[in-house]
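Residues per chain are reported as follows:
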Amino acid sequence: MRCQHCGEVAVISMPQHRLKLCEKHFPLWVERRVARTIESFQMFSSDDRLLVAVSGGKDSLALWEILLRLGYQADGLYIHLGIEHEGYSHVSQSYAEAFAATHPDATLHLVDVRARYGRSIPELAREGGRRACSRCGMIKRYIMNRTAREGDYDAIVTGHNLDDEAAQLLQNNLYWLRGYLQRQAPVLPQTCQGLVRKAKPLCLVAERESAAYTFVRGIEYIQQECPHSAGATSIFHKKILNDMERRSPGTKLQYYQGFVRARQDGFIIGDEDTPPLEECERCGQPTTANALCAFCRMLETEET
Ligand code: AMP
Ligand code: FES
Ligand code: ZN
Ligand code: ZN
C-alpha cells in the first residue's frame, strides 16, 4: 500500500475518500481538513480565543494539537468528574496534563467537580436516583460555559468526531427529536448574552482517522472508555453505522453532511415555542427556567 502523494509506504487507507497516505502526508491531510471545516462553517477566526474541552481521550487531544498547529490561541479545560472506577478521572486528567506540559504556550484549566461543588458526578447522580451519564452531560455543558465566560473565551470547542455526530443524528432521527435536530450543528452561535459559541471542528473526521492522527503525532491518551458508558445506546448506533460503512464506504459522511445541508436549507424546524433565555438568579448563567438554572436546581434539591 503506497501513499498517493509521494509513493512512500501508506499508514492508512480511507476508502470513503479513495485515499491512502503515508505518515507524513496523513496528519497534514487531517489538519487541512479541519482548517477547511472551520472556514466553511465559519466556526471562529484566527483572532478568537478558544477553550478546548479536553477529556484526556484521543479526539479532544488530537483537536487541541491540530488547533495549536494551525496557529489558533487555544487553551484547554479538563473537568474532573470524580469517577473513581479504575481511577478513570485521575488517569484521564494525567493525560490532559501530560499533553499541556509539552505545549507550554497553552494553559490547561482544571475544574474538579467535587472540590468546587461539594459532590462528584456519581454522587450527584446517586442522590438524584439517576444514572451518572444523565447528569454528566448537563454538568459538563454548565462548567464549560461558565469557565469560558469567566476566562473571556470566544468559543468552546469539543472533540466530537464524525462517528459521534452520525450516531447522535441516528438517535435524533429515530425518535424525530425536532428540538435536538435543530440544535445539532457543527457550530452553535452565541444566541444570547452569556451563552458562549460552541464548535465541533472534528465533525468531518472519522474516529478511526483521529485515532490514527494521535498515533502518528505521538499523542498519548486514555484508551479506557468511561465505565458508566457501558451499554449506552450510542455505542450500539455506532456499531450499526460501522457495519453500513463497511458495506458502503462513505455512508457516515453522506448521512451527516446531507443532514447539515438540509438543516442549513431550513428543512429542519425545531420546537417553535422555545422559551427565551434568562439569567439564573443564583449563578447568572443563561437558562430557560424561571428562577434557577438546571445546575443550581440540581445542587439545591440534592442538598436537601
Ligand atoms: P463525550 O461526551 O464523552 O463523548 O465527549 C465529547 C467531548 O466533550 C469530548 O471530545 C471533549 O471535548 C468533551 N469532554 C468530555 N469529557 C470531558 C471532561 N471530563 N473534561 C472536559 N471536556 C470533556
Ligand atoms: Fe460522564 Fe461517563 S458519566 S463521561
Ligand atoms: Zn506521502
Ligand atoms: Zn444557576
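Everything here concerns the structure above.
About the cut-offs
Throughout, residues of each chain are indexed from 1 in the direction in which the sequence is written. Whichever chain is written first is A, and whichever ligand is written first is 1; the rest continue in order. Thresholds applied to this predicted model are a pLDDT of at least 70 for local features of residues and 80 or more for the giving and counting of side-chain atom pairs; totals over whole chains, interfaces and linings are not thresholded and use all residues. The basis for every side-chain value is the complete set of heavy atoms in the structure, and neither hydrogens nor water enter the calculation. What goes into a patch is any residue over 30% in relative accessible area without a salt bridge, connected to like charges within 9 Å or, for nonpolar side chains (Val, Leu, Ile, Met, Phe, Trp, Tyr), within 5 Å. Here the Shrake-Rupley method, with its probe set to 1.4 Å, supplies the accessible areas, and only the displayed protein chains count as covering residues. Each salt bridge in this description consists of a side-chain nitrogen of Lys or Arg and a carboxyl oxygen of Asp or Glu lying within 4 Å of one another. Under the DSSP-based scheme used, a helix requires at least four consecutive residues in state H or I and a strand at least two consecutive residues in state E, with every element numbered from the N terminus. In this scheme, a residue with accessible area under 20% of its type's maximum is buried, one over 50% is exposed, and one in between is partly exposed, where area comes from a 1.4 Å probe on protein chains only. Atoms are scored as donors when they are N, O or S and lie within 2.8 Å of the metal, with 3.2 Å used for Na, K and Ca; no water is included, so coordination may look incomplete. In these descriptions, tetrahedral denotes four donors with every angle between 85 and 135 degrees, square planar four donors and octahedral six donors with opposite donors over 155 degrees apart and the rest between 65 and 115, and irregular any other case. Using a 1 Å grid laid over the protein atoms alone, points where a 1.4 Å probe fits but cannot get out form a cavity; open sets with protein on both sides within 12 Å along at least 5 of 7 lines form a pocket; any residue with an atom within 4 Å of a point counts as lining. Grid points are joined across faces, edges and corners, and a volume is the space filled by probe spheres set on the points. When residues are grouped by polarity, Ala, Val, Leu, Ile, Met, Phe, Trp, Tyr, Cys and Pro land in nonpolar, Asp, Glu, Lys and Arg in charged, and all others, Gly among them, in polar. Distances are taken per atom, and a residue is near a molecule or strand as soon as one of its heavy atoms is within 4 Å of it. The definition of a polar contact used here is a pair of N or O atoms within 3.5 Å, where within protein one atom must be able to donate a hydrogen and the other to accept one, and adjacent residues in sequence count solely through side-chain atom pairs. Strand pairing is assigned whenever DSSP identifies at least 2 bridges connecting the two strands. Residue contacts are counted whenever heavy atoms from the two residues lie within 4.5 Å of one another. Every axis corresponds to a line fitted to the C-alpha atoms, with the helix fit spanning only the stretch in contact, and the corresponding angles, defined between N-to-C directions, vary from 0 to 180 degrees. A right-handed crossover is one whose linking path, passing over the helix from the first strand to the second, runs clockwise when the strands point away from the viewer. Every helix has an expected span of 1.5 Å times one less than the residues it contains. By nonpolar core we mean a set of buried residues, namely Ala, Val, Leu, Ile, Met, Phe, Trp, Tyr and Cys, connected to one another through side-chain atoms within 4.5 Å.

### With respect to a nonpolar patch on the surface
Phase 1: Where nonpolar side chains cluster on the molecular surface, the patch consists of Phe236, Ile240 and Met244 and spans about 280 Å² of accessible area.
Phase 2: In this fold, Met244 is placed in helix α10 (residues 233–247).
Phase 3: Judged by its relative accessible area of 41%, Met244 is partly exposed.

### Overview of the coordination of the zinc ion (ligand 3)
Phase 1: Binding of the zinc ion (ligand 3) to the protein goes through Cys3 (SG), Cys6 (SG), Cys22 (SG) and His25 (ND1), at separations of 2.1 to 2.3 Å.
Phase 2: The site at the zinc ion (ligand 3) holds four donor atoms, and with the angles between them running 100 to 114°, its shape is tetrahedral.
Phase 3: Binding-site remark: the zinc ion (ligand 3) is held by donors from one chain whose sequence spacing is C-x2-C-x15-C-x2-H.
Phase 4: Among the residues examined, Cys22 registers a relative accessible area of 5% and is labelled buried.
Phase 5: Overall, the relative accessible area of 16% leaves His25 in the buried class.

### Describing the layout of surface pockets
Phase 1: The calculated volume of the second largest pocket comes to roughly 290 Å³.
Phase 2: Taken together, 16 residues make up the lining of the second largest pocket; nearest its centre are Asp163, Arg208, Asn242, Glu245 and Lys252.
Phase 3: Only α7 (162–174), α9 (207–217), α10 and α11 (251–264) provide two or more residues apiece to the lining of the second largest pocket.
Phase 4: For the lining of the second largest pocket, the element with the most residues is α10, which contributes four residues.
Phase 5: Class assignment for the residues of the lining of the second largest pocket results in five nonpolar, three polar and eight charged.

### Quick word on the site of ligand 1
Phase 1: All residues adjacent to ligand 1 are Ala53, Val54, Ser55, Ser60, Leu77, Tyr78, Ile79, Lys140, Met144, Thr158, Gly159 and His160.
Phase 2: A distance of 2.5 Å separates an oxygen atom of ligand 1 from a polar atom in the backbone of Ala53.
Phase 3: Lys140 is positioned such that a nitrogen or oxygen atom in its side chain is 3.4 Å from a nitrogen atom of ligand 1.
Phase 4: Calculation on ligand 1 without its partners gives an accessible area of 470 Å², and the protein chains cover 75% of this total.
Phase 5: Breaking the shell around ligand 1 down by element, the ones donating at least two residues are β4 (73–80) and α6 (132–150).
Phase 6: Here the shell around ligand 1 gets three residues from one element, more than from any other, and that element is β4.
Phase 7: When the residues that make up the shell around ligand 1 are grouped by side-chain class, the tally is six nonpolar, five polar and one charged.

### Section: the sheet that holds strand β5 (residues 108–112)
Phase 1: Here we have six strands laid out as an open sheet, ordered β5-β4-β3-β6-β8-β7, and mixed in their pairing. Looking at which strands have only one partner, the edges of the open sheet turn out to be β5 and β7 (187–188).
Phase 2: Inspection of the sheet shows strand β3 (residues 49–53) paired to β4 by five bridges, in the parallel sense. In the sheet register, Leu50 faces β4, and the bridge partner there is Ala74.
Phase 3: Sitting on the sheet, helix α2 (residues 58–69) touches β3, β4, β5 and β6 (155–157), and the angle it makes with β3 is about 160°.

### A closer look at the coordination of the zinc ion (ligand 4)
Phase 1: The protein atoms that coordinate the zinc ion (ligand 4) are Cys280 (SG), Cys283 (SG), Cys293 (SG) and Cys296 (SG), at distances of 2.3 to 2.4 Å.
Phase 2: Coordination at the zinc ion (ligand 4) is tetrahedral, judged from the four donor atoms that bind it and the angles of 105 to 114° they form at the metal.
Phase 3: In the primary structure, the donors to the zinc ion (ligand 4) are separated according to the pattern C-x2-C-x9-C-x2-C.
Phase 4: Classification of Cys280 by relative accessible area gives buried; the value is 4%.

### Topic: the pairing of β4
Strand residues, when the strand is regular, have side chains that alternate between the two faces of the sheet.
Phase 1: Most of β4 sits inside the fold, with seven of its eight residues counted as buried.
Phase 2: The parallel pair β3 and β4, bridged by α2, forms a crossover whose chirality is right-handed.
Phase 3: As defined by bridge partners, β4 adjoins β5 across five bridges and the pair is classed as parallel. Across the sheet, Gly76 pairs through a bridge with Leu108, a residue of β5.
Phase 4: At this point the chain moves from β4, through helix α3 (residues 88–101), to the parallel β5, and the crossover so formed is right-handed.

### Quick notes on α11
Phase 1: Spanning 14 residues, α11 covers 20 Å between terminal C-alpha atoms, matching the ideal 20 Å at 1.5 Å per step.
Phase 2: On its buried face, α11 is in contact with α1 (25–40), α7, α8 (178–183) and α10.
Phase 3: Gly266 lies just past α11 and shows a positive phi near 85°.

### Quick look at the nonpolar core
Phase 1: Core analysis: the largest hydrophobic core is formed by 52 residues, its most contacted members being Phe26, Phe44, Trp64 and Leu67.
Phase 2: Of the residues forming this core, the biggest block, six residues, is contributed by α2.
Phase 3: Among the nonpolar cores identified, the runner-up in size contains 33 residues, and Tyr88, Val111, Cys136 and Cys226 belong to it.

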